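Results of the structural survey
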Amino acid sequence: MAPSVTSSEDKIIVVGAGIFGLSTAIHLAQRGYQKVTVFDKQSYDEKQYSYLAGCDAASADMNKIIRSAYGNQTLYQDLSTEALEGWTKWNDELQSGEFVPNSMTRSTRVFINNGNLSITDQDQLPPFETDTVRNMELMGHPHTQLITSDPAHVAIAEQKGFQFGMDPFSRKAKGKPFLGVLDTTGGTAVADKACTFALHKAKLLGVEFILGPVVGEFSRFTHSSKNEVIGIQTRDGKTYPSAMIVMACGGWTPSLIPQLDNLCETTAGSVVLLKIPPDSPLFDRYAPENFPTWTYKIRDGSEGGLYGFARDDQGYLKIGYRGTKYTNPRMQIDGKERSLPITRYGSGETIKHIPQHALSVIKNFIAEFLPELSANGINIELTRLCWYTDTFDNHFVIDRVPGQESLMVATGGSGHAFKYLPNIGNWVADIMENKGLDRPLIKCWKWRKTQEGMPTPNIIMEGSAGERSLKRTKLCTNDDLLLDKKARL
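Here the structure is a predicted model, which is why all the values come from computation and not from measurement.

1. Quick word on the overall build of the protein
Per the secondary structure count, the protein includes twelve helices and 22 strands. Relative to the compact-globule value of 23 Å for 489 residues, the protein shows a C-alpha radius of gyration of 22 Å, a close match. Each principal axis of the C-alpha distribution contributes one length, and for the protein these read about 70 × 50 × 45 Å. Burial statistics for the protein: of 489 residues in total, 59% are counted as buried. Within the protein, residue pairs in contact and separated by at least 24 positions form 73% of the contacts whose partners lie at least 6 positions apart. Just so you have it, the protein exposes about 20,200 Å², and 49% of that area is on carbon and sulfur atoms. Of the side-chain charges in the protein, 53 are positive and 55 negative, and the distance between the mean point of each set is 3 Å.

Here is the structure:
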């Protein structure tokens, strides 16, 4: 067993101020660690995790889905229950005035319980949804997963104030088929506000943040004479010694930790933003109190994988696509290709459009389910590639790097980690301290390899020859963003 960090005086460095890094810093500080420092190249303290202000990590977003629905993966179901307690507590802390950043008020919410609706185009629910309904009942959460076609569940939704979430696209009124399950425990994480709140909370707990280009940007590790990692150097040339380093750099992690080859890969989801004016009749229709978060054919491959939200305070309506997880393979100095994030705001090469196929799938959904958008003259205003880190099995990676006792990673969110912002750091801290390592989830998060002959949810490391490579993908144009004009394949 690797030695644990045992002294509250030990210096601990966290590289990355996204959800893994923020949560880790908070929970370490709450355990009494007095010398925790978080580094990030983004000026999150100034830009408040706003993508529109220039922040380009996956955590820097308007909103993320919160759900308890996990099919037969009851370990994550339980982790979600734990997280929901944390989200509720954070809302309470804001309301009480205990932790209120300057950019927020006591009425600000970081979690909106407007439900998460999982939709299928089939006549019967997929196994994942039926498993979720059964397992939530078995684990003592009755009447939280409501089937849209069940009259008894429709009645329960009305009693609980969730009737808006049972048919938010008015499919039945239009005489069209509609089937799904509404997870009434879930809803919306207001992502930028949640991260800003977490950063503020960490600072009040004594965590130091070194943020911004150059001063906060990781450059390299420093090593002892025995080649042990003992600290980091930032882009400005300064070195920082540490007893433990946690690399939580989101989509940048695999290129910084090459040992993650064949375990993790950086992949992009495709996102569009539509802007609903405050004077539009759709502004109230798509308000979070009237509209749930949703997924559509989320596990159905390249023609599915859609998700979306109610509009935010500014009127932005976000729809995302993960049916194809795109990559950006680039040759690195060791002669190996690894996928790297390429964003709207990068210091080098940038990208402002999404793949044409992704846009086509999104536009087809809008035409079928949300035709009132184009009828009211609302078009797609902005597109974004959102870079995640996928593992081959969708389990996170929270473990020490093999051969380096003082270097950990907390990564591999695989598109479903944000909901654990309030609690995942407690697990990272346990692993750092070698506590409860025999728990099933922690075993799932250990360093691992694919098992020969065993199928995996994600195929990774296909390189520039792979079909998901952006080099082989046609991007959309500004003209394609008009909703009355289908994207051309």
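There's plenty left to go through after this.
2. Some remarks on the nonpolar core
Trp-87, Met-247, Leu-421 and Trp-445 are the most contacted members of the largest nonpolar core, which totals 85 residues. Tyr-286, Phe-291, Leu-370 and Leu-481 belong to the second largest nonpolar core, which has 47 residues in total.

3. A word on the packing of aromatic side chains
Counted by the stated rule, this structure contains 26 aromatic pairs. Note on Trp-90 and Phe-197: the rings are 5.1 Å apart at their centroids and 55° apart in plane angle, and the pair reads as tilted. One end of the pair, Trp-90, is in helix α3 (residues 74-96); the other, Phe-197, is in helix α6 (residues 191-204), and 107 residues separate them in sequence. Per residue, the accessibility class of Trp-90 equals that of Phe-197, and both read buried. When the ring of Phe-169 is compared with that of Trp-294, the centres are 5.8 Å apart and the planes differ by 80°; the resulting orientation is edge-to-face. With Phe-169 in the loop between α5 (151-160) and β7 (179-183) and Trp-294 in strand β15 (residues 293-296), this pair connects stretches of sequence that are 125 residues apart. In this structure, Phe-169 and Trp-294 share a single accessibility class: buried. Through a chain of ring-to-ring contacts, three or more aromatic side chains come together here, namely Phe-169, Phe-178, Tyr-286, Phe-291, Trp-294, Tyr-296, Phe-365 and Phe-369. The ring of Tyr-70 has Arg-67 sitting right over it, with the charged end atom 4.0 Å from the ring centre.

4. Regarding the pairing of strand β1 (residues 11-15)
For β1, the tally of buried residues reaches four of five residues, placing the bulk of the element in the interior. Summarising the sheet, β1 and strand β2 (residues 35-40) pair through five bridges and their orientation is parallel. Bridge assignment links Ile-13 to a residue of β2, and that residue is Thr-37. What joins β1 to β2 is helix α1 (residues 19-30), and the crossover it makes is right-handed. Both β1 and strand β13 (residues 244-247) contribute to a ladder of four bridges, which runs parallel. Bridge pairing in β13 places Val-15 opposite Met-247.

5. Observations concerning the pattern of salt bridges
Tallying each qualifying case throughout the model produces 24 salt bridges. Between Asp-430 and Arg-31 there is a salt bridge, with the nearest N and O atoms lying 2.6 Å from each other. In this pair, Asp-430 is assigned in helix α11 (residues 424-432) and Arg-31 in the loop between α1 and β2, connecting sequence segments 399 residues apart. Owing to a relative accessible area of 10%, Asp-430 belongs among the buried residues under this scheme. Arg-31 sits in the partly exposed class, given a relative accessible area of 28%. With a shortest N-O distance of 3.3 Å, Glu-265 and Arg-468 are connected by a salt bridge. Taken together, the positions of Glu-265 in strand β14 (residues 264-275) and Arg-468 in the segment after α12 (440-444) put the pair 203 residues apart, joining distant regions of the chain. The same class applies to Glu-265 as to Arg-468, namely buried. Through salt bridges that share partners, Arg-31, Asp-430, Glu-433, Lys-435 and Arg-439 make up one connected network.

6. A word on the sheet that holds β7
Strand order in the open sheet formed by eight strands is β6-β7-β5-β15-β16-β17-β14-β20, with mixed pairing between adjacent strands. Edge positions in the sheet fall to β6 (145-147) and β20 (380-391), since each of these pairs with one other strand and no more. Strand-to-strand, the axes of this sheet are offset by a mean angle of 20°, without reference to chain direction. Pairing of β14 with strand β17 (residues 316-326), which is carried by seven bridges, proceeds in the antiparallel orientation. Residue Lys-275 lies in a different strand from β17, and its bridge partner there is Tyr-316.

7. Description of the packing of α1 against α6
Where α1 contacts α6, the two axes come as close as 9 Å, and the packing angle between them is 30°. Considered as vectors, α1 and α6 are oriented roughly parallel to each other. As for how α1 packs across α6, the hand of that crossing is left-handed. Residue-level inspection shows Ile-19, Leu-22, Ile-26 and Gln-30 of α1 in contact with α6, the latter providing Cys-195, Ala-198, Leu-199, Lys-201 and Ala-202. Its residues assigned to classes, the contact of α1 with α6 shows seven nonpolar, one polar and one charged.

8. Here we look at the state of the cysteines
A full pass over the atoms with the stated rule returns zero disulfides. Considering cysteine sulfurs only, Cys-249 is the nearest to Cys-264, which forms no disulfide, with 12 Å between them. For Cys-264, a relative accessible area of 1% translates into the label buried. Note on Cys-386: no disulfide assigned, nearest cysteine sulfur contributed by Cys-195 at a separation of 11 Å. Residue Cys-386 is classed as buried on the basis of its relative accessible area of 1%.

What counts and how
- Residues numbered from 1 in each chain as written.
- Predicted model: local features only at pLDDT ≥ 70, side-chain atom pairs only at ≥ 80, totals over all residues.
- Heavy atoms only, no water.
- Helix = DSSP H or I, 4+ residues; strand = E, 2+ residues; numbered from the N terminus.
- Rg over C-alpha atoms; globule rule 2.2 N^0.38 Å.
- Buried < 20%, exposed > 50% of the residue type's maximum accessible area, 1.4 Å probe, protein only.
- Contact = heavy atoms within 4.5 Å.
- Areas by Shrake-Rupley, 256 points an atom, 1.4 Å probe, with all protein chains shown as cover.
- Lys, Arg positive; Asp, Glu negative; His and termini not counted.
- Charge placed at Lys NZ, Arg CZ, Asp CG, Glu CD.
- Core = buried A, V, L, I, M, F, W, Y, C linked by side-chain atoms within 4.5 Å.
- Phe/Tyr/Trp six-rings, centres within 6.5 Å; stacked < 30°, edge-to-face > 60°.
- Lys NZ or Arg CZ within 6 Å of the ring centre and 35° of its normal.
- Pairing = 2+ DSSP bridges.
- Right-handed = clockwise from strand over helix to strand, strands pointing away.
- Salt bridge = Lys/Arg side-chain N within 4 Å of Asp/Glu carboxyl O.
- Axes fitted to C-alpha atoms, helices over the stretch in contact; angles between N-to-C directions.
- Parallel < 35°, antiparallel > 145°, perpendicular 65-115°, else oblique.
- Left-handed = near helix turned anticlockwise from the far one by under 90°.
- Nonpolar A, V, L, I, M, F, W, Y, C, P; charged D, E, K, R; others polar.
- Disulfide = S-S within 2.5 Å.

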